[in-house]
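Listed here are the chains, written in short residue letters.
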Amino acid sequence: MHLLRNSAYVNGNWISAASKQTFPVCNPVDNAVITRVPDMNTADTQAAIDAAAKAFESFSKTTAKERSDLLRNWYNLMVKHSEDLACILTKENGKSLAESRSEIKYGSAFVEWFSEEARRIDGQILQAPFPNRELFLFKQPVGVAALITPWNFPHAMITRKAAAALAAGCTCVVKPSEDTPLSALALADLAEQAGFPAGILNVLTTSVTNSPAVGLELCENPKVRVLSFTGSTAVGKILYKQCASTMKRLSLELGGNAPFIVFRTANVDVAVNSAMASKFRNTGQTCVSANRFFVEDDVFDEFVEKFVQRIDQEIKMGDGSKEGVTHGPLIKKSQLDMVNGLVKDAVQKGAKVHCGGGPLPGLGPLFYAPTLLTGVTRDMEVYNREIFGPIAVINKFCNEEDVLRQANDTPVGLAGYFFSQDISQIFRVARKLEVGMVGVNEGLISCAEAAFGGVKESGLGREGSRHGVEDYVDIKYVCIGNLKR
Ligand code: ADP
């Protein structure tokens, strides 16, 4: 693993924290320490912001073609080192190598995409309402972008923010999750090799203890003009408040509670196939994971039976770096305790366990068996919250109107999935689901070309697609008057 770095990257230098403090990064398979990284604090953060602000002076003047070329170099290096990146990802996150490889491919595609989009961030010439005026809209980079990212997609959550910001001409201060800083440092290494000048992409590693203070500085420092965050809704709301004092641009990708609806009109095999991927990818630790399954009464038993069969046959948990392992452990003990608590509560209140139902300590400290529950009622915690673990909860419904009401009965709205072969129903339900992204007869829908984001409390803004740069550009209206015609 040539790209395994254990220093932070600020202003083109690989450095320690000013305090010299470090914290361990552990492999969730066995909690073994992989390495230690600097525990950056508020003072280190200010230095990184200053470096990014200084670098912005020149980077904002580069041509779109120059930025496109740099992003293209970065992308090419990601492709060249994809195996190394995947190994680092599996080591610190625990997901299987196959899953890591597909994350590297998916995440790097955002860099390729924004290397192309960089050259299409065009302004506009407007029709003036007076004869002696010319009106323009310029698009200009907003300034320093702070990017705070989670542990579940340590590569892709950085690339899809940073590539959009860099394409627009912003400079970045990245604060990866304390659980997975090594993928971020590997990306910084490749950015350096790609030729990004000093200060343009900075990576601050911080412990769980220092993260709130570093986050506060990123929110309140007036030199930071946009904050992009992917993580929990609870932390997203804190950051939203903290950004008020400097009126920052905000991009928030927060939690979801995705409904997964199987109508009687569905092809059940297609639905089961998609359920496997949508529910169990990354061992269920995904904000777009199917969280609440609703299956119409006619096909309920068939769906449950086939789903349990596939789980039993196809999921092989273990050390993700080993051949044949499909799914890894949960990321940390708090996740395991949360998942375990949800299942225990449901079982105690009468839910039926069709498979799994508890931790797998024989495999390691953080493994939890893929679990399928039916008979879940509203008084059980597992019905109401984002599960973020390998627990499939299958509810029965009787009609379309009723299931839509249940699906939308939540304050969040990120992704939603449904399965139907009735074209009228497809359009009806796609329009009525209160979410930012809909999968119809598909359980995995995210790609660089599409706009990723939610409605309601799932966040603000869109990532990927041609809209992904909008968070990083200001529109400036320029009016030239008193022209002689
Ligand atoms: P999870 O609970 O899934 O770990 P979080 O929302 O806590 O998700 O974490 C996502 C990111 O937010 C991580 O980089 C984490 O360090 C960071 N974070 C957590 N708390 C704060 C905070 N108060 N301010 C800024 N960043 C934070």
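Just so you know, these numbers come straight off a predicted model, no measurement behind them.

**Q** Help me understand the environment of D50 in this model?
**A** Take D50: it is sitting in helix α1 (residues 42–59). Sequence separation of D50 and Q348 is 298 residues, and the distance between their C-alpha atoms is 54 Å.

**Q** Is there a simple way to explain the UniProt feature "domain: Aldehyde dehydrogenase" (unreviewed entry) in the protein chain in this structure?
**A** The sites that UniProt annotates as "domain: Aldehyde dehydrogenase" (unreviewed entry) are residues 14–478. As a span, residues 14–478 carries 40% helix and 21% strand, and end to end its C-alpha atoms are 42 Å apart.

**Q** Help me understand the sheet that holds strand β22 (residues 473–480), please; the structure alone is not making it clear to me.
**A** Spatially, the 3 strands line up as an open sheet ordered β5-β6-β22, and their pairing is antiparallel. On the outer flanks of this sheet lie β5 (124–126) and β22, each paired with one strand and no other. Each neighbouring strand pair of the sheet contributes to a mean axis angle of 25°, computed without reference to strand direction. Strand direction decides the pairing type here: strand β6 (residues 134–141) and β22, joined by 8 bridges, are antiparallel. Bridging from a neighbouring strand, L135 pairs with C479 of β22.

**Q** Hey, could you run me through the domain arrangement of the protein chain in this one?
**A** Where interface size is quoted, it is often the accessible area lost as the parts come together. Partitioning the protein chain into domains gives domain 1 (8–254 + 458–478) and domain 2 (258–447). The interface is formed by 25 residues belonging to domain 1 together with 29 residues belonging to domain 2. A per-residue breakdown of the area domain 1 buries against domain 2 is headed by V29, W151 and S458, which together make up 28% of the total. At the boundary of domain 1 with domain 2, the tally comes to 1 salt bridge. Here D179 makes a salt bridge to K332, at a shortest N to O gap of 2.8 Å. At the junction of domain 1 and domain 2, the tally comes to 9 residue pairs in polar contact (both at pLDDT 80 or more).

What counts, and at which threshold
Residues numbered from 1 in each chain as written. Predicted model: local features only at pLDDT ≥ 70, side-chain atom pairs only at ≥ 80, totals over all residues. Heavy atoms only, no water. Helix = DSSP H or I, 4+ residues; strand = E, 2+ residues; numbered from the N terminus. UniProt positions renumbered as here; feature names shortened; annotations may be inferred. Pairing = 2+ DSSP bridges. Axes fitted to C-alpha atoms, helices over the stretch in contact; angles between N-to-C directions. Domains from an automatic or database assignment. Contact = heavy atoms within 4.5 Å. Buried area = accessible area lost by both parts, 1.4 Å probe. Salt bridge = Lys/Arg side-chain N within 4 Å of Asp/Glu carboxyl O. Polar contact = N/O pair within 3.5 Å; in protein donor to acceptor, adjacent residues only side chain to side chain.

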